[in-house]
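Here is what each chain is made of, one letter per residue.
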Amino acid sequence: MLSGCSTWPSDFVKKYKDTQCWQGETFGEILRERANLYGERIAVTAGDLQISYLELDHRADQLASGLQKRGIQKGDRVVVQLPNTIEFFEVCFALFRLGAVPVLALPTHRYSEISYFCGFTAAVAYIIPGSRHAGFDYVSLATKVQEETASLKHVFVTGEGNESGFLSLANVYDSSPMIEVQVSGEDVALFQLSGGSTGLPKFIPRTHNDYIYSLRMSNEVCQMNVDSVYMAVLPVAHNFPLSSPGVLGTLYAGGRVVLSSGSSPDETFPLIEKERVTITAMVPPIALIWLEGVKTRTFDFSSLKVLQVGGAKFSTEMAKRVKPSFGCTLQQVFGMAEGLVNYTRLDDSDDLIHETQGRPMSSYDEIRIVDEEDQEVSQGEAGELLTRGPYTIRGYYKAEEHNARSFTADGFYRTGDIVRLSKEGYIIVEGRNKDQINRGGEKIAAEEVENHLLAHPDLLDVSIVSMPDSFLGERSCAFMIPRENRPTPSEIRRFLQDRGLAAYKIPDRIEFVDKFPKTPLGKVSKKMLRQMIVEKMTLKKV
Ligand code: OOB
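Residues numbered from 1 in each chain as written. Predicted model: local features only at pLDDT ≥ 70, side-chain atom pairs only at ≥ 80, totals over all residues. Heavy atoms only, no water.

**Q** I'd like a rundown of the overall build of the protein chain, residues and numbers included.
**A** The helix and strand tally for the protein chain stands at 17 helices and 25 strands. Computed over the C-alpha atoms, the radius of gyration of the protein chain is 23 Å, within 12% of the 24 Å expected from 2.2 N^0.38 for a compact globule of 542 residues. Considering only C-alpha atoms, the protein chain reaches an extent of 65 × 55 × 55 Å along its principal axes. When each of the 542 residues of the protein chain is scored for burial, the buried share is 60%. (Helix = DSSP H or I, 4+ residues; strand = E, 2+ residues; numbered from the N terminus. Rg over C-alpha atoms; globule rule 2.2 N^0.38 Å. Buried < 20%, exposed > 50% of the residue type's maximum accessible area, 1.4 Å probe, protein only.)

**Q** Break down the site of the ligand for me, with residues and values.
**A** With respect to spatial proximity, 19 residues lie near the ligand, and among them His238, Val333, Asp417, Lys434 and Lys443 are the closest. Within the contact set of the ligand, an oxygen atom lies 2.9 Å away from a backbone nitrogen or oxygen of Ala337. Residue Lys434 places a side-chain N or O atom 2.9 Å away from an oxygen atom belonging to the ligand. In isolation the ligand exposes 590 Å². Once the protein is present, 96% of that is buried. Elements supplying a minimum of two residues to the shell around the ligand: helix H8 (239-243) and strand E14 (329-336). Broken down by element, the residue count for the shell around the ligand peaks at four residues, all from E14. (Near = heavy atom within 4 Å. Polar contact = N/O pair within 3.5 Å; in protein donor to acceptor, adjacent residues only side chain to side chain. Areas by Shrake-Rupley, 256 points an atom, 1.4 Å probe, with all protein chains shown as cover.)

**Q** Talk me through the pairing of strand E20 (residues 427-432); I want residue IDs and the actual numbers.
**A** Inspection of the sheet shows strand E19 (residues 413-421) paired to E20 by five bridges, in the antiparallel sense. Bridge assignment links Val419 to a residue of E20, and that residue is Val429. (Pairing = 2+ DSSP bridges.)

**Q** Outline the domain arrangement of the protein chain, supporting the account with residue identities and numerical values.
**A** Interface extent is often summarised as the accessible area lost during association of the parts. On domain assignment, one finds that the protein chain holds domain 1 (27-183), domain 2 (217-432) and domain 3 (436-540). The centre of domain 2, based on its C-alpha atoms, is set 28 Å off from the matching centre of domain 3. In terms of surface lost to domain 3, no three residues of domain 2 exceed Pro285, Gly311 and Arg432, which account for 64% of the buried area on that side. Linking domain 2 with domain 3 are one salt bridge. Arg432 is the partner of Glu474 in a salt bridge, and the nearest nitrogen-oxygen pair spans 2.5 Å. Seen at the junction of domain 2 and domain 3, the total is four residue pairs in polar contact (both at pLDDT 80 or more). When grouped by side-chain class, the residues that make up the side of domain 2 that touches domain 3 number five nonpolar, one polar and one charged. (Domains from an automatic or database assignment. Buried area = accessible area lost by both parts, 1.4 Å probe. Salt bridge = Lys/Arg side-chain N within 4 Å of Asp/Glu carboxyl O. Nonpolar A, V, L, I, M, F, W, Y, C, P; charged D, E, K, R; others polar.)

**Q** Give a detailed account of the environment of Ser6, specifying residues and quantitative values.
**A** Here Ser6 shows up in the segment before helix H1 (10-18). You can call Ser6 partly exposed: its relative accessible area is 27%. Sequence separation between Ser6 and Glu55 is 49 residues; the distance between their C-alpha atoms is 36 Å. Not counting residues within four places of it along the chain, the set of residues in contact with Ser6 comprises Met1, Arg394, Gly395, Tyr396 and Asn403. (Contact = heavy atoms within 4.5 Å.)

**Q** Account for the layout of surface pockets, naming residues and giving values.
**A** Counted as a void, the second largest pocket has a volume near 320 Å³. If you go around the second largest pocket, you meet 18 residues; those closest to its centre are Arg32, Asp61, Arg97, Met178 and Glu180. Secondary structure elements with two or more residues in the lining of the second largest pocket: helix H2 (27-38), helix H3 (53-69) and helix H4 (86-98). Counted by class, the lining of the second largest pocket contains five nonpolar, seven polar and six charged residues. (1 Å grid on protein atoms, 1.4 Å probe; cavity = no way out; pocket = protein on both sides within 12 Å on 5 of 7 lines; lining within 4 Å. Points joined across faces, edges and corners; volume = space filled by probe spheres on them.)

**Q** Can you explain the packing of helix H10 (residues 265-275) against helix H11 (residues 284-293)? Please cite residues and give values.
**A** Where H10 meets H11, the closest approach of the two axes is 10 Å, and the angle between their N-to-C directions is 75 degrees. Taken together, the axis directions place H10 and H11 in an arrangement best described as roughly perpendicular. Residues Pro265, Thr268, Phe269 and Ile272 of H10 form the contact with H11, whose participating residues are Ile289, Trp290 and Gly293. Taken together, the residues of the contact of H10 with H11 sort by class into five nonpolar, two polar and no charged. (Axes fitted to C-alpha atoms, helices over the stretch in contact; angles between N-to-C directions. Parallel < 35°, antiparallel > 145°, perpendicular 65-115°, else oblique.)

**Q** Report on the packing of aromatic side chains, specifying residues and quantitative values.
**A** Scanning the entire structure with this criterion turns up 28 aromatic pairs. Consider the rings of Phe120 and Tyr397, whose centres lie 6.2 Å apart with planes at 80 degrees: the pair is edge-to-face. A residue pair is termed long-range when its members are at least 10 positions apart, and Phe120 in helix H5 (residues 111-120) and Tyr397 in the loop between strand E18 (383-388) and helix H14 (400-406) qualify at 277 residues. Residue Phe120 is classed as partly exposed on the basis of its relative accessible area, which comes to 30%. Residue classification places Tyr397 among the buried residues on the basis of a relative accessible area of 1%. Residues Phe203 and Tyr397 carry aromatic rings whose centres are separated by 6.3 Å and whose planes lie at 90 degrees to one another, so their mutual orientation is edge-to-face. In this pair, Phe203 sits in strand E9 (residues 203-207) while Tyr397 sits in the loop between E18 and H14, placing the two residues 194 residues apart along the sequence. For Phe203, a relative accessible area of 1% puts it in the buried group. What links up through ring pairs into an aromatic cluster is the set Tyr116, Phe117, Phe120, Phe191, Phe203 and Tyr397. (Phe/Tyr/Trp six-rings, centres within 6.5 Å; stacked < 30°, edge-to-face > 60°.)

**Q** Residue-level account of the side chain of Thr268, with values.
**A** Here Thr268 shows up in helix H10. What makes Thr268 buried here is its relative accessible area of 0%. Of note is the side chain of Thr268, whose polar atom sits 2.8 Å from the backbone oxygen of Ser264. Those residues in contact with Thr268 that lie beyond four places of it in its chain are Met231, Val233, Ser260, Gly262, Ser263 and Trp290.

**Q** Lay out the pairing of strand E1 (residues 42-46) in plain terms, naming residues and giving numbers.
**A** In terms of residue burial, E1 counts as a mostly covered element, since four of its five residues are buried. Judged from the four bridges that link them, E1 and strand E2 (residues 49-52) form a sheet pairing that is antiparallel. Counted as the bridge partner of Thr45 is Gln50 from E2.

The structure is reproduced here in structure tokens:
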């Protein structure tokens, strides 16, 4: 395995192989098999563009060959920051074939995140959209990052036309065959990024074996098959639309992926009708917009069978509106890039679908719900969810110290989620004991943003907490103790933007205080800060 990654102990490896969870398949081989099986059938549609299984297979080969000629080898890390385009698939499958490891950045990541991803993983290449995407100039970002990152030999840009000075990916495809690379199921296929609760994001190594197993199980639970049409609304680099069952599950099943460039009803509803979409996935705020949007628009949703909602808690009240509004089954999805994914089942009772976040997709998933002393709570009580299983990692990449805290001695991942079990054994997410804000599915590690703010010369101390929000579920609120000069909130926001922090991490609200409330042990009490902001918001409403 890639150095810096923790593998499963040998008895677990044996168990997961004996039970056929891990079948030794790799993504490179899967695409080849699907191309043989489905040939001219369309694999991915994006606007007016489409690519068949056969073409995707060829294009991935040619790109792998070209990347290989430029020195990209097995185990090399490549930061991939692409929107929902066909190139995303060609790039990922080319890298899978080479045994190189895509580090899947989100399109919203900026200098602060990207420079860290490239530097920490010692990435050899960074792949970006060539033209401005969503108003952002990735070329300038890449220029700066490459100047500062010694390992970064290549920046490749996708799309038509290229005045950046970087090499166009289109010129890398090479029809001479690549030198075959031995890639095994146990190799790392890709790096997902953790939502995180500490100062810096963590890298999540997912192997071919474990990730493909998660696709197989997801496909079974979500009843994916060759007739499935999955519409990707969320950015495909994220674990949910990538693998639960997402775009990769769809390709595994021989179905068709439809890429949407946005999530608004105006973009997605006509696409559902036109492409006869059968399944799609979203975070709760998008579901809310859809539920409102459907009131004033008439489209044919009859092809839509499953609407998945996950990434953050979906309220029971909203959940109840899905079936009457769209005539399809709601599926709640509670997952994490580290592994474990819970689904409500398509034939579950309405009560389970409305009120719970599902149950683990695999019978080999082990879960424990524990109190602060790591003792299992009694049935129905709330506690922290710990998990281990055939597709849950045993450690983050090169993060020994952090791993010692995030995993138990016997390999359970501490999710930081507070959950309880319903009487049917389904999980209900109650809250969280990690220092994170879940802003409509986008995760913000409080400490990461606090560290940026502590670099501000006029701030003495900072503490960031969540505050309730009717649309996003939560937003972030930064409490600050200023020094002599008190900066204005807009100065602070600009400061963070100038440091290249992704926009969704910039605090929604800023509150100045003289001191922080403390716990009896003298630590800043985030609980009391959360109460303070709720009280302030309630007072304002009255
Ligand atoms: C998904 O993955 P991540 O890595 O962005 O975030 C994981 C965390 C969970 O630990 C939990 O705190 C929260 O997001 N979460 C939910 C939830 N789904 C995720 N909290 C409440 N209700 C839910 N339904 O978010 C992710 C990965 C794969 C599939 C789906 C979501």
